[in-house]
Amino acid sequence: MTEDTTPNALLESDPAPVRKITRPKRDAARSKAAGGTWQAEKSLATRTQILDATLQCLVELGYTQTTTEKIAQKAGVSRGAMTHHFKSRADVFEAAAEYITELRAAEYEDACRRIKLPPGNLATFDSMLDTLVVLQKYYYGRASFIALQELQRGARTDKALAQVMEPLEKVLDDKKNASMLKRFPFWADYPETGEVLRDLFFHSLKGVAVNPTPYMKGDRLHRLHHLLASVAMMEFEKAYEAAHGSKIPATPTPESDSDPKAAPKARKPRKTTSA
């Protein structure tokens, strides 16, 4: 049985909880030692609950329909508790923007850890393809992706929100780059190529996730991933040759990796012509 890779399936399969960031628990002794109080802990929990609810409302209702009243209802808190933490709709969206971009950075790092390391610590076609499939499912298939898109959509006409979003998006881009380099350090030798390929991957996969049309699924989606991986591999090969003056060495086979003394495959005898 093959895995369903349709955009809807990517959004629905292997569902992740809306909030993936886990904060360290502190017992009473540690809280007191740090100068904290139970009231402060409760306040932080309520604030986080409200931000979780804001994310869910953005996904379910969209930016324009998300109000402080609906957020409070989703969070299960009173209007008084809501206004205690956030005085206005603008305040809660500003905090939610920071919260969601932090979550997106954590989810991207999680996705990077799921990508298989290529043999020889160099990019291969298979590793490029695996990167695309993993990012489509585990990064662009998350609820936080839709929530962030709604905030970006709102920022197009909301100047105050745009001023909040712009630096956060730059921080998110830097964190994604750092996560990719941590997982695949060889990309540090090809910064320009790595950057343009990230842009190619991100914007292509984002387009599929934003508009999951019924026909973009199965073989058609696989062909898109295959084309992107092929283009990316060609660009990497050009960058490698420019940097090293030679082509990428052949990837060692699993057989030669497991047995370094394995005898080379016998060559076919050359055809000879009669004198």
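Higher on the page you've got the structure.
Cut-offs applied
Residues numbered from 1 in each chain as written. Predicted model: local features only at pLDDT ≥ 70, side-chain atom pairs only at ≥ 80, totals over all residues. Heavy atoms only, no water. Patch = residues over 30% accessible without salt bridge, like charges linked within 9 Å, V, L, I, M, F, W, Y side chains within 5 Å. Areas by Shrake-Rupley, 256 points an atom, 1.4 Å probe, with all protein chains shown as cover. Salt bridge = Lys/Arg side-chain N within 4 Å of Asp/Glu carboxyl O. Lys, Arg positive; Asp, Glu negative; His and termini not counted. Charge placed at Lys NZ, Arg CZ, Asp CG, Glu CD. Helix = DSSP H or I, 4+ residues; strand = E, 2+ residues; numbered from the N terminus. Axes fitted to C-alpha atoms, helices over the stretch in contact; angles between N-to-C directions. Parallel < 35°, antiparallel > 145°, perpendicular 65-115°, else oblique. Contact = heavy atoms within 4.5 Å. Nonpolar A, V, L, I, M, F, W, Y, C, P; charged D, E, K, R; others polar. Core = buried A, V, L, I, M, F, W, Y, C linked by side-chain atoms within 4.5 Å. Buried < 20%, exposed > 50% of the residue type's maximum accessible area, 1.4 Å probe, protein only. Phe/Tyr/Trp six-rings, centres within 6.5 Å; stacked < 30°, edge-to-face > 60°.

S.K.: Explain a negative patch on the surface to me, please; I cannot follow it from the model alone.
M.R.: Together, Asp91, Glu94, Glu98 and Glu102 make up a region of like negative charge exposed at the surface. Here Glu98 is to be found in helix H6 (residues 89-114).

S.K.: How should I be thinking about the packing of helix H8 (residues 143-155) against helix H10 (residues 191-210) in this particular structure?
M.R.: Two packed helices can be described by the angle between their axes and the distance between those axes. The geometry of H8 relative to H10 is characterised by a closest axis approach of 11 Å and an angle of 95° between their N-to-C directions. Considering their axes alone, H8 and H10 lie roughly perpendicular with respect to each other. In this structure, H8 contributes Phe145, Gln149 and Gln152 to the contact, and H10 contributes Lys206, Ala209 and Val210. Residue classes in the contact of H8 with H10 are distributed as three nonpolar, two polar and one charged.

S.K.: Looking at this structure, how should I read the nonpolar core?
M.R.: What tends to happen in soluble globular proteins is that the nonpolar side chains get buried as a cluster. If you look at the biggest cluster of nonpolar residues, it comprises 63 residues, and the most contacted ones within it are Ile50, Ile100, Met128, Leu151, Trp187 and Phe236. Those elements giving two or more residues to this core turn out to be helix H3 (38-61), helix H4 (68-75), H6, helix H7 (125-138), H8, helix H9 (159-183), H10 and helix H11 (218-244). Counting residues per element, this core draws most heavily on H6, which supplies 12 residues. Once residues lying within four places of it in the same chain are set aside, the contact partners of Phe236 are Leu122, Ala123, Met128, Phe186, Trp187, Tyr190, Thr193 and Ile248.

S.K.: What exactly am I supposed to notice about the environment of His225 here?
M.R.: For His225, the position within the fold is in helix H11. Overall, His225 belongs to the buried group, its relative accessible area being 4%. The spacing of His225 and Gln136 is 89 residues in sequence and 9.5 Å in space, taken between C-alpha atoms. With residues up to four places along the chain from it excluded, the contact list for His225 reads Leu129, Leu132, Val133, Gln136 and Leu205.

S.K.: What should I look at first to understand the pattern of salt bridges in this one?
M.R.: This structure, assessed with the given rule, holds 11 salt bridges. Where Glu107 meets Arg104, a salt bridge forms, and the shortest distance between an N and an O atom there is 3.0 Å. In this pair, Glu107 and Arg104 are both assigned in helix H6, three residues apart and thus about one turn of the helix distant. Neither Glu107 nor Arg104 differs from the other in exposure class; each is buried. One salt-bridge network, in which partners are shared between bridges, spans Glu109, Asp110, Arg113, Arg114, Arg142 and Lys182.

S.K.: Got a minute to help me understand the packing of aromatic side chains in this structure?
M.R.: Within a pair of aromatic rings, the relevant descriptors are the distance that separates the centres and the angle that separates the planes. Taken as a whole and judged by the stated rule, the model has 12 aromatic pairs. Centre to centre, the rings of Tyr139 and Tyr140 are 4.9 Å apart; their planes meet at 85°, and the pair counts as edge-to-face. We note that Tyr139, like Tyr140, is buried. On the basis of an interplanar angle of 65° and a centroid distance of 5.9 Å, the ring pair of Phe186 and Phe236 is categorised as edge-to-face. Pair noted here: Phe186 is in the loop between H9 and H10 and Phe236 is in helix H11, with a separation of 50 residues, a long-range link.

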